[in-house]
Amino acid sequence: MTDNELFLLILVLVMGLPWIAWRRLGDADHAPLVVVQIVVGVLLGPGVLGAAAPGLHAQIFTPTAITMLNGIALWAVMLFVWLAGIELDLGAAWAARRDSWVTAGMALLTPLALGSTAGALILMHPGWIGPKGEPWQAILGIGMACAVTALPILILLMERLAILRTPLGQRVLRYASLDDIAIWAVLAVILLDWPRMERQLAFICAFPFVAWGIRLLMRRLAEAERLRASMVWLAVAGLAADWAGLHFMVGAFLAGVILDRSWFDAQALDRLRDMLLLTVMPIFFLSTGLRTAWSMGGVDLIAVAALLLAAAVGGKLIGLRVAGHWLQWRRGEAGVIGWLLQTKALIMIIFVNILLDRQVISGGTFTALLLMALASTMLTTPMARRGLRALAVLERQDDPPVSASGQHRPN
């Protein structure tokens, strides 16, 4: 087959198999389509199809086909992270700063601490750190992977739960948005490249001035032109960040953060996100699956994934319970918010992909983290739905109402 024919065959597999499997499962709560797409990518990768039929795998996924896939996946995920950056509303977070900072801090620090502890235990055994990774980089990376919340996936799940535009949903978005900043800040620390330090310092110093200029330009453009200009800005920011050694994903997120969501048609952004998920993000999920490697052996890998899942899920729930106690939330709210913030399937995969690219973690660690992300994301919707039903019962019992900042109001 020609390269074009192979690429189109891969598209048939990528677009068709997950959709058919998702329809057969018939339960979008336990298996969102995004999760099914990632799983199919794993099954088509070297860890499953490559091991079962290495000749067939090599014949379909040729170096040229993989290069074509990676190019589309790179741009798709840059657009998706850019959209996540736009969703960050620093003004709303500042207006309810005590609730926002306390909750976001506990939602991040507790799973980070437990995940880093788990990472330190894992690295006591050989084979879990990348050839170019320092122990502190791998431990911090594993800990941060346990603390990540995937803001784009969270938005999709809250839309399905019909709470995105409610006060509770907006609070959860603030918490997740603040944690997104921390994710990319920690990634920048992990990726500090001393030989490129001059470039990184130049990027950090120049970015605020460039961002100021971009904001001035965006205000002067018509709304219809802002998306077109944003595509150029996104490519420039990604190129500059990658040239500086901070990775193009850092640049993509920053390119979105400095833009105000109010500058764009909200429905157009929602349509763009939905079209990305429909058309090109499955290719990113496949390219992620093609990186998975079951090199550590089944039992070891599953045990590590289970340990990381316990650290991630337990850390979020404990951190939110502490925050809810300090802020005097209603009974049951901490559990709902804790489960909603478990979504990891996209941003965490991007995060650990970068760590794998830079050889900070090994293929086995990447696969264990991938399994943890899939499991935590699959738990999110059913557990949050059950918690929301319990909250609805409490509301019918005339519990005291709660303000947007999470504080009790007298009746």
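Conventions and cut-offs
Counting starts from 1 at the beginning of each chain's written sequence and moves along it residue by residue. At least 70 in pLDDT is required for a residue's local features to be given in this predicted model, at least 80 for side-chain atom pairs to be given and counted, and no such filter applies to totals for whole chains, interfaces and linings, which use all residues. The side-chain numbers reported here are obtained from all heavy atoms of the structure, hydrogens and water having been left aside. A fitted line through C-alpha atoms represents every axis, and for helices the fit uses only the stretch in contact; the resulting angles, taken between N-to-C directions, go from 0 to 180 degrees. Each helix is a run of DSSP H or I of at least 4 residues and each strand a run of E of at least 2, with the numbering of both proceeding from the N terminus. Should an angle fall under 35 degrees it is taken as roughly parallel, and over 145 as roughly antiparallel, whereas 65 to 115 is taken as roughly perpendicular and any remaining angle as oblique. Throughout, a crossing is termed right-handed when the near helix is turned clockwise from the far one, and left-handed when it is turned anticlockwise from it by less than a right angle. The contact criterion used throughout is that any non-hydrogen atoms of two residues lie within 4.5 Å. Classes in brief: Ala, Val, Leu, Ile, Met, Phe, Trp, Tyr, Cys and Pro nonpolar; Asp, Glu, Lys and Arg charged; the others, Gly included, polar. Throughout this description, the term salt bridge denotes a Lys or Arg side-chain nitrogen within 4 Å of a carboxyl oxygen of Asp or Glu. Here the term buried applies to any residue with accessible area under 20% of the maximum for its type, exposed to any over 50%, and partly exposed to those in between, with areas from a 1.4 Å probe on protein chains only. Each patch is built from residues that are more than 30% exposed by relative accessible area and take part in no salt bridge. Like charges join if they lie within 9 Å; nonpolar side chains (Val, Leu, Ile, Met, Phe, Trp, Tyr) join within 5 Å. In short, Shrake-Rupley with a 1.4 Å probe defines the accessible areas, and a residue's cover is counted only from the protein chains shown. Between 30 and 60 degrees the pair is tilted, below 30 it is stacked and above 60 it is edge-to-face, where a pair is any two Phe, Tyr or Trp rings, Trp via its six-membered ring, whose centres lie within 6.5 Å. Note on criteria: charge over ring means Lys NZ or Arg CZ within 6 Å of the ring centre, with the direction from the centre no more than 35 degrees off the ring normal.

Digging into the packing of helix 1 (residues 3–25) against helix 2 (residues 33–44)
Consideration 1: Here helix 1 crosses helix 2 at 125 degrees, and the two axes come no closer than 9 Å. Relative to helix 2, the element helix 1 lies oblique. Between helix 1 and helix 2 the crossing geometry is right-handed. Note on element contacts: helix 2 touches helix 1 through Leu 33, Val 36, Gln 37, Val 40 and Leu 44, opposite Leu 13, Leu 17, Pro 18, Trp 19, Ala 21, Trp 22 and Leu 25.
Consideration 2: Across the contact of helix 1 with helix 2, the residue classes tally to 11 nonpolar, 1 polar and no charged.

Some remarks on the pattern of salt bridges
Consideration 1: Within the structure shown, the criterion is met by 7 salt bridges.
Consideration 2: Note that Arg 174 and Asp 99 form a salt bridge whose closest N and O atoms lie 3.8 Å from each other. A residue pair is termed long-range when its members are at least 10 positions apart, and Arg 174 in helix 10 (residues 167–190) and Asp 99 in helix 7 (residues 97–122) qualify at 75 residues. Both residues of the pair, Arg 174 and Asp 99, belong to the buried class.
Consideration 3: Notably, a salt bridge pairs Arg 273 with Asp 270, separated by 3.1 Å at the nearest N-O pair. A residue pair is termed a helical-turn pair when its members lie 3 or 4 positions apart in one helix, as Arg 273 and Asp 270 do in helix 14 (residues 266–279) at 3 residues.

Here's the deal with the packing of helix 10 against helix 18 (residues 347–357)
Consideration 1: Put simply, helix 10 and helix 18 touch, their axes get as near as 11 Å, and they point 5 degrees apart. Judged by the angle between their axes, helix 10 and helix 18 are roughly parallel. On helix 18, the residues touching Ile 183, Trp 184, Leu 187 and Ile 190 of helix 10 are Ile 347, Ile 350, Phe 351, Ile 354 and Leu 355.
Consideration 2: Classifying every residue of the contact of helix 10 with helix 18 gives 9 nonpolar, no polar and no charged.

Considering the side chain of His 57
Consideration 1: Relative to the assigned elements, His 57 resides in helix 4 (residues 54–60).
Consideration 2: The contacts of His 57, once residues within four sequence positions are left out, are Leu 44, Gly 45, Pro 46, Leu 49, Gly 50 and Leu 290.

Side note on a nonpolar patch on the surface
Consideration 1: On the surface, Val 39, Leu 43 and Val 48 cluster together into a nonpolar patch covering about 200 Å² of accessible area.
Consideration 2: Locating Val 48 in the fold gives a position in the loop between helix 2 and helix 3 (49–52).

Thoughts on the packing of aromatic side chains
Consideration 1: Here the structure, examined in full by the defined rule, presents 4 aromatic pairs.
Consideration 2: Ring centres 6.2 Å apart and planes at 85 degrees place the aromatic pair Trp 82 and Phe 264 in the edge-to-face group. Of this pair, Trp 82 sits in helix 5 (residues 63–87) while Phe 264 sits in the loop between helix 13 (248–257) and helix 14, placing them 182 residues apart in sequence. There is no split in this pair, since Trp 82 and Phe 264 are both buried.
Consideration 3: Cluster of aromatic residues (ring-pair linked, three or more members): Phe 203, Phe 207 and Trp 233.
Consideration 4: Between Arg 171 and the ring centre of Trp 329, over which it is positioned, the NZ or CZ distance is 5.1 Å.

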